[in-house]
Amino acid sequence: MATEIPFVVNYDPEGIDERFTYTLSVRIIDADGNLLFINDTSTPGMVDGEPVADAEVEVIDGEAAAAEAEALMAEAQESPEA
């Protein structure tokens with residue numbers, strides 16, 4: 001089930017360098033600071049000095065991603081070094 005959360009990014013147009021591409025980074029946390037969702041892919045927010053209209057940022061479950069990373073780290077620590 002997908003849920004859309006509308007958002008607006010305020011920025012200073014004078015601080016934008018048209019030579020760069022700017023990306024959006026999303027972290028959704030709860031009131032206790034626990035990570036709920038995060039994006040794991042690059043999402044353009046501004047290209048050639050112009051904002052991307054109607055940008056959609058796909059997010060993943062933060063707890064599931066953290067658990068997967070911990071499992072990979074544990075597996076790597078258990079494996080004999082090559």
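Just above sits the structure.
Not measured: the values here are computed from a predicted model. (Residues numbered from 1 in each chain as written. Predicted model: local features only at pLDDT ≥ 70, side-chain atom pairs only at ≥ 80, totals over all residues. Heavy atoms only, no water.)

Draft legend 1. Looking closely at the overall build of the chain. Helix and strand counts for the chain stand at one helix and six strands. A compact globule built from 82 residues would reach a C-alpha radius of gyration of about 12 Å, whereas the chain, at 17 Å, exceeds it by more than 25%. The buried share among the 82 residues of the chain stands at 11%. In the chain, the share of contacts with a sequence separation of at least 24, taken over all contacts with a separation of at least 6, comes to 35%. (Helix = DSSP H or I, 4+ residues; strand = E, 2+ residues; numbered from the N terminus. Rg over C-alpha atoms; globule rule 2.2 N^0.38 Å. Buried < 20%, exposed > 50% of the residue type's maximum accessible area, 1.4 Å probe, protein only. Contact = heavy atoms within 4.5 Å.)

Draft legend 2. A look at the pairing of strand β3 (residues 35-38). Pairing geometry for strand β2 (residues 27-29) and β3, over three bridges, is antiparallel. Residue pairing in the sheet places arginine 27 in a bridge with isoleucine 38 of β3. In this antiparallel pair of consecutive strands, β2 and β3, the connection spans five residues, and glycine 33 shows a positive phi of 85 degrees. Two elements, β3 and strand β6 (residues 60-61), share two bridges in a ladder whose sense is antiparallel. For phenylalanine 37, the partnering residue across the bridge sits in β6 and is aspartate 61. (Pairing = 2+ DSSP bridges.)

Draft legend 3. Local environment of the side chain of threonine 43. Within the fold, threonine 43 resides in strand β4 (residues 43-47). Using a relative accessible area of 9% as the deciding quantity, one classes threonine 43 as buried. Ignoring sequence-local partners within four residues, the contact set of threonine 43 consists of Tyr22, Thr23, Leu24, Glu56 and Val57.

Draft legend 4. Local environment of the pattern of salt bridges. All chains considered together, the criterion is met by one salt bridge. Notably, a salt bridge pairs aspartate 17 with arginine 19, separated by 2.5 Å at the nearest N-O pair. Take arginine 19: its relative accessible area is 69%, and that puts it in the exposed class. (Salt bridge = Lys/Arg side-chain N within 4 Å of Asp/Glu carboxyl O.)

Draft legend 5. Focus on the sheet that holds strand β1 (residues 22-24). Overall, antiparallel pairing links the three strands, which are arranged β1-β4-β5 in an open sheet. Of all strands in the sheet, those with a lone pairing partner are β1 and β5 (50-51), marking the two edges. Relative to β5, β4 runs antiparallel, the two sharing two bridges. Directly across from methionine 46, in β5, lies its bridge partner proline 51.

Draft legend 6. Local environment of the sheet that holds β3. Overall, antiparallel pairing links the three strands, which are arranged β2-β3-β6 in an open sheet. Lying at the two open borders of the sheet, with one neighbouring strand each, are β2 and β6.

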